[in-house]
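# Survey of secondary and tertiary structure
Chain by chain, the residues:
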Amino acid sequence: MTYRQSIPGNPHIGNIDTEQQPILAWLAISALVLFTAVCLIGGIGSIFRPAYILLSFAVGVLLYARYPTFYLGFTWWMWFVTPFVSRVIDFRTAFDESRLLLVAPYLVTLITLYGCLKNLPRSYREGGLPFVLALIGVSYGFLMGMVNTSAFTAARAMLDWLTPISFAFYLFINWRNYPRYRQVIQTTFVWGVLVTGVYGIYQYIVAPEWDKFWLISTKLASMGNPAPFQIRVWSTMHSPGPFAVMMMAGLLLLLNGKGFLNFPAAGAGYLAFLLSMVRVMWGCWVVGLLAMFTSIRPKLQMRLIITMLIMALCVIPLSTMEPFADAINDRLQTFSNLEKDDSTQVRQKIYENGLNSALSNVLGNGIGNTFIVNKEGKLESIVVDSGILETFITLGWFGAVIYVGGLVLLLLKVLQATELQYDTFLAAARAIGFGCVIGIPIFSIMLGNSGMIMWSFLAIALAGHKYYQHQLINRV
């Protein structure tokens, strides 16, 4: 099927028909993959890091300008695999404390900022007010960060806040291409679950040298020990949290798909998801599943139940056999004794230290400047493992009310979608968005890689709603 609508927000004049001959797109992506492989094998770190960032950005610009759906898939894969590439090149050369390579997916994603700024004036008429409000709130936080900290620190932290909103706005403003974008996202996440799930299991069993080297260098004890069967799986991502968010989204999308890859992807994906030990996202997956199940027609509900039963037959034998069973069961048992759980106590301490300061902070500390005033009246850096605390400490009441207002408005708009009774992808997208939002009190899920999942799936759900409304008007 060919779509001849122009693509708002893209700098080219052509249309999506150009993707029928995507030779140049594949050549550009293949060149980046080949260059990466050669440098990793050869251990060429000093040249590779800046070159990888520049080449990725150049490929992203090309795809954004001429092959929009390729750009969409390429951007997600940059988020999926760049941390893995960074760990391997660190192991082959030397550990880079600046984590320079991790800037690459941010820059590729921020290409969408061009279309975002170009279309902001008309976005209100298109229904884009939620994104405008979120951008205003984040911009305020950035200005406060510039005042209270260095420009570099504020700019680096700004990437985590701005990137998800910019990309989500891109998905929304191009609602006319919803059918193509839906197909690309579905396919990308099915393959993403399969690849990252398989590697996650391998990581747990083998503990590859580059992963052990990275774990030792970063001294992140919360991610387990650098030994087989003692790692909290983070697969190709940079930590278990973002990996679990991505896997939660992908596993819900698998329930919508019909391809032959779905069941092997589910087997690997669910097992790796459990081995991540991220209980928050286990709960968010349950919430998302319930939201998806209750929003579709009875006929589709029956199909969903059958799909889940078949997937359960693939997953349960794997999760109940050694060497996986003990680790998973130990983590599951902590649900019945949360008051004695270490991570629960840590989060309680975080709230005790930061809640009063966060809610009394009118102006905010600014992006990149997460501090509280201790009992001695001195600034003290804190670990923020809560989206609520992160938002109010960083943006203050002024920025937080605007930012949260945009998110709430987006949720309300997505709730108005009734088409998800017939479009299971739309139902899954909304369920993923809701599942992520549920995790905000316990996890800064609106930032960085995790924020890409939350904002993007809410945006594509709104884009789908707008697309179907437009189709209905045309029929009338």
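Here's a quick rundown of the structure. Given the structure is predicted, the values throughout are model-derived calculations rather than measurements. (Residues numbered from 1 in each chain as written. Predicted model: local features only at pLDDT ≥ 70, side-chain atom pairs only at ≥ 80, totals over all residues. Heavy atoms only, no water.)

## Focus on the side chain of Ser86
Note that Ser86 resides in helix 3 (residues 68-92). On the accessibility criterion, Ser86 (2% relative accessible area) is buried. Not counting residues up to four positions away in its chain, the partners in contact with Ser86 are Arg99, Leu101 and Leu102. (Helix = DSSP H or I, 4+ residues; strand = E, 2+ residues; numbered from the N terminus. Buried < 20%, exposed > 50% of the residue type's maximum accessible area, 1.4 Å probe, protein only. Contact = heavy atoms within 4.5 Å.)

## Topic: the packing of helix 6 (residues 129-148) against helix 7 (residues 151-173)
For any two helices packed against each other, the geometry comes down to the angle between their axes and how far apart the axes lie. The geometry of helix 6 relative to helix 7 is characterised by a closest axis approach of 9 Å and an angle of 175° between their N-to-C directions. Between helix 6 and helix 7, the crossing angle belongs to the class labelled roughly antiparallel. Along its contact with helix 6, which presents Phe131, Ala134, Leu135, Val138, Ser139, Phe142, Gly145 and Met146, the element helix 7 presents Ala151, Ala154, Ala155, Met158, Trp161, Leu162, Ile165, Ala168, Phe169 and Phe172. A breakdown of the residues in the contact of helix 6 with helix 7 according to their chemical character gives 16 nonpolar, 2 polar and no charged. (Axes fitted to C-alpha atoms, helices over the stretch in contact; angles between N-to-C directions. Parallel < 35°, antiparallel > 145°, perpendicular 65-115°, else oblique. Nonpolar A, V, L, I, M, F, W, Y, C, P; charged D, E, K, R; others polar.)

## Quick word on the environment of Thr236
Of note, Thr236 is situated in the loop between helix 9 (209-218) and helix 10 (240-254). Exposure remark for Thr236: the relative accessible area of 7% places this residue in the buried category. Note: C-alpha distance between Thr236 and Thr196 (40 residues apart in sequence) is 6.1 Å. Leave out the neighbours within four places in its chain, and Thr236 touches Phe80, Val81, Pro83, Phe84, Arg87, Thr196 and Tyr199.

## Comments concerning the pattern of salt bridges
Throughout the structure, instances matching the rule amount to 8 salt bridges. With a closest N to O distance of 3.8 Å, Asp96 and Arg49 form a salt bridge. Here Asp96, found in the loop between helix 3 and helix 4 (103-109), pairs with Arg49, found in helix 2 (residues 45-66); they are 47 residues apart in sequence, far enough to count as distant. Here Arg49 falls in the buried class, since its relative accessible area comes to 12%. (Salt bridge = Lys/Arg side-chain N within 4 Å of Asp/Glu carboxyl O.)

## Observations regarding the environment of Ala94
Summarising the element assignment, Ala94 is placed in the loop between helix 3 and helix 4. On the accessibility criterion, Ala94 (44% relative accessible area) is partly exposed. In the structure, Ala94 is positioned 119 residues away from Phe213 in sequence and 10.0 Å away in space, judged by C-alpha atoms. Contacts of Ala94, omitting those with residues within four sequence positions, involve Arg49 and Ile89.

## Looking at the state of the cysteines
Using the criterion set out here, one finds 0 disulfides in the structure. Free of any disulfide, Cys284 has its nearest neighbouring cysteine sulfur in Cys436, separated by 6.9 Å. Assessed through its relative accessible area of 0%, Cys436 is described here as buried. (Disulfide = S-S within 2.5 Å.)

## Some thoughts on the nonpolar core
What tends to happen in soluble globular proteins is that the nonpolar side chains get buried as a cluster. In terms of nonpolar packing, the biggest core is built from 138 residues, with Phe189, Met281, Met454, Trp455, Phe457 and Ile460 touching the most fellow members. The leading source of residues in this core is helix 7, at 13 residues. Apart from residues no more than four positions distant in its own chain, Trp455 is found in contact with Phe131, Ala134, Pro164, Ile165, Ala168, Tyr403, Leu407, Leu410 and Met446. Judged by nonpolar contacts, the second largest core, of 6 residues, contains Ala207, Trp214, Ile231 and Trp234. (Core = buried A, V, L, I, M, F, W, Y, C linked by side-chain atoms within 4.5 Å.)

## So, the packing of aromatic side chains
For the structure on display, the rule yields 37 aromatic pairs. Here Trp79 and Tyr106 contribute two aromatic rings whose centre-to-centre distance is 4.8 Å and whose plane-to-plane angle is 75°, an arrangement assigned as edge-to-face. Residue Trp79 is found in helix 3, and its partner Tyr106 is found in helix 4; the two are separated by 27 residues along the sequence. Exposure class is identical for Trp79 and Tyr106. Each is buried. Ring geometry for Tyr178 and Tyr468: centres 5.9 Å apart, planes at 70°, overall edge-to-face. Here Tyr468 lies in helix 18 (residues 448-475) and Tyr178 lies in helix 8 (residues 178-206), a separation of 290 residues in the sequence. The exposure class of Tyr178 is buried, given its relative accessible area of 1%. (Phe/Tyr/Trp six-rings, centres within 6.5 Å; stacked < 30°, edge-to-face > 60°.)

## Structural notes on a nonpolar patch on the surface
Taken together, Phe263, Met302, Ile305, Ile306, Leu309 and Ile310 make up a surface patch of nonpolar side chains, about 520 Å² in accessible area. Among the elements that make up the nonpolar patch, the one with the highest residue count is helix 13 (residues 298-319) (5 residues). Relative to the assigned elements, Ile310 resides in helix 13. A residue is classified by how much of its surface remains accessible, and Ile310, at 36% relative accessible area, is partly exposed. (Patch = residues over 30% accessible without salt bridge, like charges linked within 9 Å, V, L, I, M, F, W, Y side chains within 5 Å. Areas by Shrake-Rupley, 256 points an atom, 1.4 Å probe, with all protein chains shown as cover.)

None of the figures reported here should be taken as evidence of function without further support.
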